[in-house]
Amino acid sequence: MCVFCGIVAGELPKHEVYSGERVLAFLDINPATRGHTLVVPRRHVERLPELSREEAAELLEVAGAVARACEAQLGASGANFWINQGSVAGQVVPHLHMHVVPRYAEDEIRVELQQARAEEEELQQVAEKLRKGLE
Ligand SMILES: [Zn+2]
């Protein structure tokens, strides 16, 4: 059984923050900042497209509410929300989870994408391929 399924089933300990019909939120035991929370679907799902519309809606709603609670209760002034999908992206536990990392004016977290300029032709080709993939 995966570790998050164990947590959902109550077989492993957790610092629960929210328990909903379709999702559960609990503290990351290795927090990047104070209040770092994981929001997971109760159902074992590995990747984002496997979520039902209802699960996706509750997951986003709870993530937003957790960030708001971090502002109200912990003095955070913003948050990063992210999902690592696939080992290439750093997904360690194969059970979808969204990180909610509350941000503080004085924190020293750096979240940075190394973005580069692309040629117009390249952008057009990529957009065309993605439109096909989304048909
Ligand atoms: Zn699982």
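Relevant structure appears above.
Undergrad: Can you tell me about helix α2 (residues 53-74), naming the residues and giving the values?
TA: An ideal rise of 1.5 Å per residue puts 32 Å on 22 residues; α2 measures up with 31 Å between its terminal C-alpha atoms. If you follow the buried residues of α2, they end up packed against β1 (16-19), β2 (23-27), β3 (37-41), β4 (78-82) and β5 (98-103). Where α2 ends, the next residue or the one after it, glycine 75, has phi of about 85 degrees, a positive value.

Undergrad: So what about the nonpolar core? Which residues, and what values?
TA: Of all hydrophobic cores here, the largest spans 13 residues; its most connected members are Val39, Val62, Val66 and Val100. Breaking this core down by element, the ones donating at least two residues are β2, α2 and β5. The contacts of valine 39, once residues within four sequence positions are left out, are Val23, Leu24, Ala25, Leu59, Val62, Ala63, Leu96, His97, Met98 and Val100. The next biggest cluster of nonpolar side chains, apart from the first, holds ten residues, and it includes Phe4, Leu24, Val40 and Val93.

Undergrad: With reference to specific residues and values, describe the environment of alanine 76.
TA: The topology assignment puts alanine 76 in the loop between α2 and β4. Given the relative accessible area of 7%, alanine 76 is considered buried. It is 18 Å that separates the C-alpha atoms of alanine 76 and alanine 25, two residues lying 51 residues apart in sequence. When residues no more than four places from it in sequence are discounted, the contact partners of alanine 76 are Cys70, Glu71, Pro102, Arg103 and Tyr104.

What counts and what doesn't
- Residues numbered from 1 in each chain as written.
- Predicted model: local features only at pLDDT ≥ 70, side-chain atom pairs only at ≥ 80, totals over all residues.
- Heavy atoms only, no water.
- Helix = DSSP H or I, 4+ residues; strand = E, 2+ residues; numbered from the N terminus.
- Expected span 1.5 Å × (residues − 1).
- Contact = heavy atoms within 4.5 Å.
- Core = buried A, V, L, I, M, F, W, Y, C linked by side-chain atoms within 4.5 Å.
- Buried < 20%, exposed > 50% of the residue type's maximum accessible area, 1.4 Å probe, protein only.

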